[in-house]
Amino acid sequence: MSKTCLECGEIIVGREDKKFCSDGCRNAYNNKINKDSTNYMRNINNKLRKNYRVLSELNVDGKSKTTKTKLLSKGFDFDFMTNVLHTKSGNTYYFVYDQGYMLLDNDFYMLVKKDI
């Protein structure tokens, strides 16, 4: 019984468990599957990536302070985050993946990096 490539349909030669005829077909197939399916998803993912880059750039040491003005000037959008952490002490941290921030007094923000 011969198997065919999941991407192009060509007959696969080689190992029994191969799914693709070439690296090009494997990459094309995976790119198609992992593509953002709608403009809405793509736009949200772009905003999350932008927020992550801004936090990473301002928080190189793992813990630092910055201002709301500085975050906004770099294009940070406070409406987009991946999760929220409420601590026992009553603090609320907002995270974009492993980069987080917490509102302090006078529009200052504490930036933190979660150990993963």
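In what follows, the structure referred to is the one given above.
This report concerns the structure included in the present document. The structure displayed is predicted, hence computed values, not measured ones.

Things to note about helix 2 (residues 39–58)
Turn by turn, an α-helix covers 3.6 residues, leaving residues three or four places apart pointing in a common direction.
And then number 1: Between its terminal C-alpha atoms helix 2 stretches 29 Å, which fits the 28 Å expected from 20 residues at 1.5 Å a residue.
And then number 2: Looking only at helix 2, the buried set comprises L48, N51, V54, L55 and L58. All buried residues of helix 2 lie within an arc of 125 degrees about the axis, which places them on one face of the element.
And then number 3: Along its buried surface, helix 2 packs onto strand 1 (63–67), helix 3 (68–73), strand 3 (92–96), strand 4 (99–103) and strand 5 (108–113).

Concerning the sheet that holds strand 1
And then number 1: Judged by pairing direction, the sheet is antiparallel, and its five strands sit side by side in the order 1-5-4-3-2 without closing on themselves. Strands at the two margins of the open sheet, each flanked by one partner only, are strand 1 and strand 2 (83–86). Strand-to-strand twist across the sheet, computed as the mean angle between neighbouring axes with direction ignored, equals 30 degrees.
And then number 2: Here four bridges tie strand 2 to strand 3, and the two strands are oriented antiparallel to one another. Its bridge partner lying in strand 3, H86 is registered against T92.

Considerations on the packing of aromatic side chains
And then number 1: Tallied over the full model, the rule gives nine aromatic pairs.
And then number 2: Taken together, a centroid distance of 5.7 Å and an interplanar angle of 80 degrees make the contact between F78 and Y101 edge-to-face. Of the two residues, F78 sits in the loop between helix 3 and strand 2 while Y101 sits in strand 4, which places them 23 residues apart along the sequence.
And then number 3: Ring pairs connect the aromatic residues F76, F78, Y94, Y101 and Y109, which therefore count as one cluster.

Remarks on the pairing of strand 3
And then number 1: Connecting strand 2 to the next strand, strand 3, in antiparallel fashion are five residues, including G90 with a positive phi near 95 degrees.
And then number 2: The pairing of strand 3 with strand 4 spans three bridges and is classified as antiparallel. Residue F95 lies in a different strand from strand 4, and its bridge partner there is G100.
And then number 3: Counting the residues that bridge the hairpin from strand 3 to strand 4 gives two residues, and of these Y97 lies at a positive phi of roughly 60 degrees.

What counts and how
Residues numbered from 1 in each chain as written. Predicted model: local features only at pLDDT ≥ 70, side-chain atom pairs only at ≥ 80, totals over all residues. Heavy atoms only, no water. Helix = DSSP H or I, 4+ residues; strand = E, 2+ residues; numbered from the N terminus. Expected span 1.5 Å × (residues − 1). Buried < 20%, exposed > 50% of the residue type's maximum accessible area, 1.4 Å probe, protein only. Arc of directions from axis to C-beta. Contact = heavy atoms within 4.5 Å. Pairing = 2+ DSSP bridges. Axes fitted to C-alpha atoms, helices over the stretch in contact; angles between N-to-C directions. Phe/Tyr/Trp six-rings, centres within 6.5 Å; stacked < 30°, edge-to-face > 60°.

In short, geometric facts, not functional conclusions.
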